[in-house]
Amino acid sequence: MMATKPKLHYPNGRGRMESVRWVLAAAGVEFDEEFLETKEQLQKLQDGNHLLFQQVPMVEIDGMKLVQTRSILHYIADKHHLFGKDLKERTLIDMYVEGTLDLLELIIMHPFLKPDDQQKEVVNMAQKAIIRYFPVFEKEFTVKISNIPTIKKFLEPGSKRKPPPDDIYVRTVYNIFMP
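Residues numbered from 1 in each chain as written. Predicted model: local features only at pLDDT ≥ 70, side-chain atom pairs only at ≥ 80, totals over all residues. Heavy atoms only, no water.

Per an unreviewed UniProt entry, the protein goes by the name glutathione transferase and belongs to Eschrichtius robustus.

On to unusual backbone geometry, then. Note that the residue after Val56, namely Pro57, is joined by a cis bond; omega there is 10°. The phi torsion at Asn49 lies on the positive side, around 55°, for a residue other than glycine. Take Asn49: its relative accessible area is 67%, and that puts it in the exposed class. At Gln68, a residue that is not glycine, the phi angle is positive and equals roughly 75°. Structurally, the position occupied by Gln68 is in the loop between β4 (64-67) and α3 (69-79). Gln68 sits in the partly exposed class, given a relative accessible area of 32%. (Buried < 20%, exposed > 50% of the residue type's maximum accessible area, 1.4 Å probe, protein only. Helix = DSSP H or I, 4+ residues; strand = E, 2+ residues; numbered from the N terminus.)

Moving on: the packing of aromatic side chains. Within this structure, the stated rule accounts for 3 aromatic pairs. The interplanar angle of 75° and the centroid separation of 5.2 Å between the aromatic rings of Trp22 and Phe154 together place this pair among those described as edge-to-face. With Trp22 in helix α1 (residues 18-26) and Phe154 in helix α7 (residues 149-155), this residue pair connects regions lying 132 residues apart in the sequence. According to the relative accessible area criterion, Phe154 is buried, its value standing at 6%. The ring centre of Phe31 lies 4.8 Å from the NZ or CZ of Lys160, which sits over that ring. (Phe/Tyr/Trp six-rings, centres within 6.5 Å; stacked < 30°, edge-to-face > 60°. Lys NZ or Arg CZ within 6 Å of the ring centre and 35° of its normal.)

A separate point is a nonpolar patch on the surface. On the surface, Leu92, Met95, Tyr96 and Val136 cluster together into a nonpolar patch covering about 370 Å² of accessible area. Within the element layout of this structure, Met95 appears in helix α4 (residues 87-109). (Patch = residues over 30% accessible without salt bridge, like charges linked within 9 Å, V, L, I, M, F, W, Y side chains within 5 Å. Areas by Shrake-Rupley, 256 points an atom, 1.4 Å probe, with all protein chains shown as cover. Salt bridge = Lys/Arg side-chain N within 4 Å of Asp/Glu carboxyl O.)

Let us look at the UniProt feature "domain: GST N-terminal" (unreviewed entry) in the protein. When the UniProt feature table is mapped onto this chain, "domain: GST N-terminal" (unreviewed entry) is found at residues 4-84. For residues 4-84, helix accounts for 36% and strand for 20%, while the C-alpha atoms at its two ends are 26 Å apart. (UniProt positions renumbered as here; feature names shortened; annotations may be inferred.)

In this structure, strand β1 (residues 7-10) lies alongside strand β2 (residues 32-35), joined through 4 bridges in parallel fashion. In the strand pairing of β2, His9 is matched with Glu34. Regarding the hand of the β-α-β motif, the stretch spanning β1, α1 and β2 is right-handed. For β1 and strand β3 (residues 58-61), the ladder comprises 3 bridges, and the chain directions are antiparallel. Its bridge partner being in β3, Lys7 is matched across the sheet by Glu60. (Pairing = 2+ DSSP bridges. Right-handed = clockwise from strand over helix to strand, strands pointing away.)

So, on to the sheet that holds β3. On the basis of which strands lie adjacent, the open sheet formed by 4 strands has the order β2-β1-β3-β4 and mixed pairing. At either margin of the open sheet sits one strand with a lone partner, and together these are β2 and β4. Across the sheet, the mean angle from the axis of one strand to that of its neighbour is 20°, orientation sign disregarded. (Axes fitted to C-alpha atoms, helices over the stretch in contact; angles between N-to-C directions.)

When we look at burial in helix α8 (residues 167-177), the residues that qualify are Tyr169, Val170, Val173 and Ile176. One face of α8 carries all of its buried residues, which in axial projection span an arc of 135°. What points out from α8, more than 90 degrees from its buried face, is the exposed set Asp167, Ile168, Arg171 and Asn175. Against β1 and α2 (39-47) lie the buried residues of α8. (Arc of directions from axis to C-beta. Contact = heavy atoms within 4.5 Å.)

Here we take up the packing of α3 against α4. Close contact between α3 and α4 brings their axes to 11 Å; oriented N to C, the two are set at 145°. In this structure, α3 crosses over α4, and the sense of that crossing is right-handed. Where α3 abuts α4, its residues Thr69, Arg70, Leu73 and His74 lie against Asp94, Val97, Glu98, Leu101 and Asp102. (Left-handed = near helix turned anticlockwise from the far one by under 90°.)

Okay, here's the thing in structure tokens:
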């Protein structure tokens, strides 16, 4: 029997699920997505005890319902031998992941801020990104990553990679998650 594809539960956009899509793509794993579009869909997952901390992203994989972005990434990477050969390598990978997710957190929240706050936050984000994060991910790194065949495929049109958040995505997420 063929293993079932992982199923991703999240609104139809990047958010906290995009890094998971990248890791699955890097591993060459095909996946299905169930997009959350209503508060009711989220409620149904919550009521069914499918979400350990009542929140998404959630990935159904190998008979489990995984939540928490770092844990999901960790599991997929480990399963597909993308998580280093020893403790030192894994720790190095963990540091990159933590740093990237910290930066991601700033970027994810941005479309949801009030316009005045957006202006201030752009300056804050740019400073943090330029000083802390960009020196780590130099151009040579980007080129190297982009040429990995599975990643190359994910970067091509028609893949499951999501576009930057637009007004529709922002509205959808607002309607699902805001009281």
